[in-house]
Amino acid sequence: MVTKKKQILLNAFNMNCVGHINHGLWAHPRDHSDHYKTLNYWTSLATTLERGLFDGIFLADILGVYDVYQSSVDLTLRESIQLPVNDPLLLVSAMAAVTQHLGFGVTVNASADAPYIFARRISTLDHLTNGRIGWNIVTGYLDSAARGLGLDAQVEHDSRYDRADDYLTVLYKLWEGSWEDDAVLADKQKRVYADPTKVHPIDHQGQFYRSQGYHLAEPSVQRTPVLYQAGTSGRGRQFAARHAECIFITATDKNAARATARTLREAVAAAGRKPDDVKIFLGMTVITDHSAAAAQEKHAEYLRYANPEAGLAHFSASTGIDFSRYDLDETIAYGASNASQSATQIAQQRGWTKRQLLQELAIGGRYPVVVGDAATVADELSAWIDEGEIDGFNLTRTVVPESFEDFIDIVVPALQDRGIYKTAYAEGALRRKLFSEGDRLPDRHIGASYRRPRGTRQEGSAPKPDPS
């Protein structure tokens, strides 16, 4: 019996800004990231990624600024360290219009939008993309974002996830329970677009959110978008086990990836789901060319434009530590943080000094960097999948669009020759493509418990309370 090889999943990791992960490369003469304000930049990228059979484009986002390093935004502005940054959701319709299969994972802070409003926005995108939308659930980690939203500082780390749990409950009730599957008739002869007996209000009275009313959008292809999540702290893991379908992790080696993947899958199983109900993606930077020597030359060229200090400023915001106050080889006091706990844990485990951080953050950020020809890169990615027990990668950009074009033209054929990357897209919505099941949430997912059975209200009778 022939065992089918595991297929690598790929997202292009990007952001609606100039500098994303690999800072300083915007100054490279072949880099076009300063064109991020134009539709052509994004539609061209989308068609390129679909040509390379990428599963999706994963769009990061923040609502604040990186002002921890030197207690200033000066370096952030000079190097455009995710500032300025535009709204990622507004890119999706344009990219969807020029593609048929590419998925879209958009980051939206669950603390920033009322769930009632956000539910309609995502349903609209699910309609317009024909079921290709995903949501990367974040709870925020920047005090600057909290101040912009009218707070003095971020809500305590674990409490942010408590709020997000309540937020998701409102969304599930709206997406899954407000409209029955056969509510829309669109019958012109009878002049009935939607059957009033099959559209139901929700009444949510939660710890953090209250919402009464009808979901404003009719059922979309997926109803609930594919749910992405990136927190691997203790509370983040608990949240992921309950909600996430795709989890974005950071690991500096394959052993660490395997340990994280196993812990996550055990948590998912403990939550009553199947361990493979989640797809685990690792952040990765790839620099490739047609020969090993050319790839190394390209890497060296990129390093000449990279700004490690800008990477350190980014990392300062992630950890809440102002590294500018430390000497190069001074011991850094990593401790509990109300920012990104997973980022702090990695630095603490490695015992990184400022000098080591500058080396690590020059290119790659907190993610591994693979440099080599097609065979080298394909072998290394395959090893990460097998030894790290993960499912795919969020590929960071270096020089745009060169880095994605290089990967597609050089590495993708090598992956296909090894039988570990698709040669054509599967049909169906994003969730079906990723999991080879249905377009909608499986019954074992917590969100499915909010579906309303057919025929729960007779015509003329009072609404039945929503499931809670």
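Everything discussed here concerns the structure shown above.
About the criteria used
- Residues numbered from 1 in each chain as written.
- Predicted model: local features only at pLDDT ≥ 70, side-chain atom pairs only at ≥ 80, totals over all residues.
- Heavy atoms only, no water.
- Helix = DSSP H or I, 4+ residues; strand = E, 2+ residues; numbered from the N terminus.
- Rg over C-alpha atoms; globule rule 2.2 N^0.38 Å.
- Buried < 20%, exposed > 50% of the residue type's maximum accessible area, 1.4 Å probe, protein only.
- Contact = heavy atoms within 4.5 Å.
- Areas by Shrake-Rupley, 256 points an atom, 1.4 Å probe, with all protein chains shown as cover.
- 1 Å grid on protein atoms, 1.4 Å probe; cavity = no way out; pocket = protein on both sides within 12 Å on 5 of 7 lines; lining within 4 Å.
- Points joined across faces, edges and corners; volume = space filled by probe spheres on them.
- Nonpolar A, V, L, I, M, F, W, Y, C, P; charged D, E, K, R; others polar.
- Pairing = 2+ DSSP bridges.
- Polar contact = N/O pair within 3.5 Å; in protein donor to acceptor, adjacent residues only side chain to side chain.
- Salt bridge = Lys/Arg side-chain N within 4 Å of Asp/Glu carboxyl O.
- Phe/Tyr/Trp six-rings, centres within 6.5 Å; stacked < 30°, edge-to-face > 60°.
- Axes fitted to C-alpha atoms, helices over the stretch in contact; angles between N-to-C directions.
- Parallel < 35°, antiparallel > 145°, perpendicular 65-115°, else oblique.
- Left-handed = near helix turned anticlockwise from the far one by under 90°.
- Patch = residues over 30% accessible without salt bridge, like charges linked within 9 Å, V, L, I, M, F, W, Y side chains within 5 Å.

Chemist: What is the right way to read the overall build of the chain from this model?
Modeler: Each helix and strand in the chain was counted, giving 15 helices and 13 strands. Since a compact globule built from 468 residues should have a radius of gyration of about 23 Å, the 23 Å found for the chain is in line with a globular shape. Across its three principal axes, the chain shows a C-alpha extent of roughly 75 × 55 × 45 Å. Residues classed as buried in the chain amount to 57% of the 468 residues present. Contacts in the chain between residues far apart in sequence, at least 24 positions, make up 76% of those at least 6 positions apart. Roughly 19,500 Å² of accessible area belongs to the chain as shown, and the carbon and sulfur atoms make up 48% of that amount.

Chemist: So what exactly am I meant to see when it comes to unusual backbone geometry here?
Modeler: Peptide bonds are mostly trans, and most non-glycine residues show a negative phi. Following Leu-83, the chain continues to Pro-84 via a peptide bond in cis, the omega torsion being 0 degrees. Among the secondary structure elements, Pro-84 is positioned in the loop between α2 (74-78) and α3 (89-97). Following Val-400, the chain continues into Pro-401 via a peptide bond in cis, with omega recorded as 0 degrees. Inspection of the secondary structure puts Pro-401 in the loop between β13 (392-396) and α14 (402-417). Even without glycine at this site, Ser-80 takes up a positive phi of about 50 degrees. Within the element layout of this structure, Ser-80 appears in the loop between α2 and α3.

Chemist: Is there a simple way to think about the layout of surface pockets in this case?
Modeler: It is a probe the size of a water molecule, rolled over the atoms, that shows where empty space is left. Its volume calculated, the second largest pocket comes out at about 660 Å³. For the second largest pocket, the lining is made up of 30 residues, of which Lys-279, Lys-433, Leu-434, Phe-435 and Ser-436 are closest to its centre. With five residues, helix α15 (residues 430-435) is the single largest residue contributor to the lining of the second largest pocket. Looking at the lining of the second largest pocket residue by residue, the class counts come to nine nonpolar, four polar and 17 charged.

Chemist: When you look at the environment of Gly-105 in this model, what are you seeing that I'm missing?
Modeler: Mapped onto the elements, Gly-105 comes out in strand β3 (residues 103-109). A C-alpha to C-alpha distance of 9.3 Å links Gly-105 and Leu-89, two positions 16 residues apart in sequence. Excluding its chain neighbours within four sequence positions, the residues that come into contact with Gly-105 are Ile-57, Phe-58, Leu-59, Gly-134 and Tyr-228.

Chemist: Explain the environment of Thr-232 here, please?
Modeler: If you trace the backbone, Thr-232 turns up in the loop between β9 (226-229) and α7 (234-243). Taking relative accessible area as the criterion, Thr-232 reaches 17% and is therefore assigned buried. For the pair formed by Thr-232 and Ala-295, sequence separation is 63 residues and the distance between their alpha carbons is 33 Å.

Chemist: Can you help me understand the pairing of strand β8 (residues 210-213) in this one?
Modeler: Regular strands place their side chains on alternate faces of the sheet. Here β8 shows one buried face, formed by Ser-211 and Gly-213, and one open face, formed by Arg-210 and Gln-212. Of the strand pairs in this sheet, strand β7 (residues 202-205) and β8 are connected by four bridges, and their pairing is antiparallel. For His-204, the partnering residue across the bridge sits in β8 and is Ser-211. Taken together, β7 and the strand that follows it, β8, pair antiparallel across an intervening segment of four residues.

Chemist: Would you mind going over the side chain of Lys-422 with me for this structure?
Modeler: Along the polypeptide, Lys-422 turns up in the loop between α14 and α15. At a separation of 2.8 Å, a polar atom in the side chain of Lys-422 contacts the main-chain carbonyl oxygen of Leu-53. Contact partners of Lys-422, with chain neighbours within four places excluded, come to Gln-7, Leu-53, Asp-55 and Gln-416.

Chemist: Help me out: how do you make sense of the pattern of salt bridges in this one?
Modeler: Pairs can form between side chains of opposite charge whenever their charged atoms are close. Scanning the model with the defined rule gives 27 salt bridges in all. For Arg-451, the salt bridge goes to Glu-176, with nearest N and O atoms at 3.2 Å. In this pair, Arg-451 is assigned in the segment after α15 and Glu-176 in helix α6 (residues 157-177), connecting sequence segments 275 residues apart. Overall, Glu-176 belongs to the buried group, its relative accessible area being 2%. A salt bridge links Arg-440 to Asp-181, with the shortest nitrogen-to-oxygen separation between them at 2.6 Å. Taken together, the residues span a long stretch of sequence, with Arg-440 in the segment after α15 and Asp-181 in the loop between α6 and β5 (184-187) at a distance of 259 residues. Classification of Arg-440 by relative accessible area gives partly exposed; the value is 28%. Several salt bridges converge on common partners, so that one network encompasses Asp-162, Asp-165, Arg-235 and Arg-242.

Chemist: Explain the packing of aromatic side chains here, please?
Modeler: The way to describe two aromatic rings as a pair is by their centre distance and the angle between their planes. Overall, the coordinates contain 18 aromatic pairs when judged by the stated rule. Relative to Trp-42, the ring of Tyr-41 lies with its centre 4.9 Å away and its plane at 80 degrees, an arrangement referred to as edge-to-face. Like Tyr-41, the residue Trp-42 is buried in the burial classification. Taking 5.7 Å as the distance between ring centres and 75 degrees as the angle between the ring planes, the aromatic pair formed by Phe-58 and Tyr-228 counts as edge-to-face. Residue Phe-58 is found in strand β2 (residues 56-60), and its partner Tyr-228 is found in strand β9; the two are separated by 170 residues along the sequence. Its relative accessible area of 3% is what places Phe-58 among the buried residues.

Chemist: Is there a simple way to explain the packing of helix α13 (residues 374-388) against α14 in this structure?
Modeler: In helix packing, the relevant descriptors are the interaxial angle and the interaxial distance, both defined with respect to the helix axes. Running from N to C, α13 and α14 cross one another at 60 degrees; their axes reach a closest spacing of 8 Å. In terms of their interaxial angle, α13 and α14 are classed as oblique. Where α13 crosses over α14, the handedness of that crossing is right-handed. Every residue of α14 that contacts α13 at Ala-374, Val-377, Ala-378 and Leu-381 is listed here: Phe-407, Ile-410, Val-411, Ala-414 and Leu-415. Class assignment for the residues of the contact of α13 with α14 results in nine nonpolar, no polar and no charged.

Chemist: Please explain a nonpolar patch on the surface as it appears in this structure.
Modeler: Residues Tyr-116, Ile-117 and Leu-216 make up a contiguous nonpolar surface patch of roughly 260 Å² in combined accessible area. Take Leu-216: it is sitting in the loop between β8 and β9. In this structure Leu-216 comes out as partly exposed when scored by relative accessible area, which is 47%.

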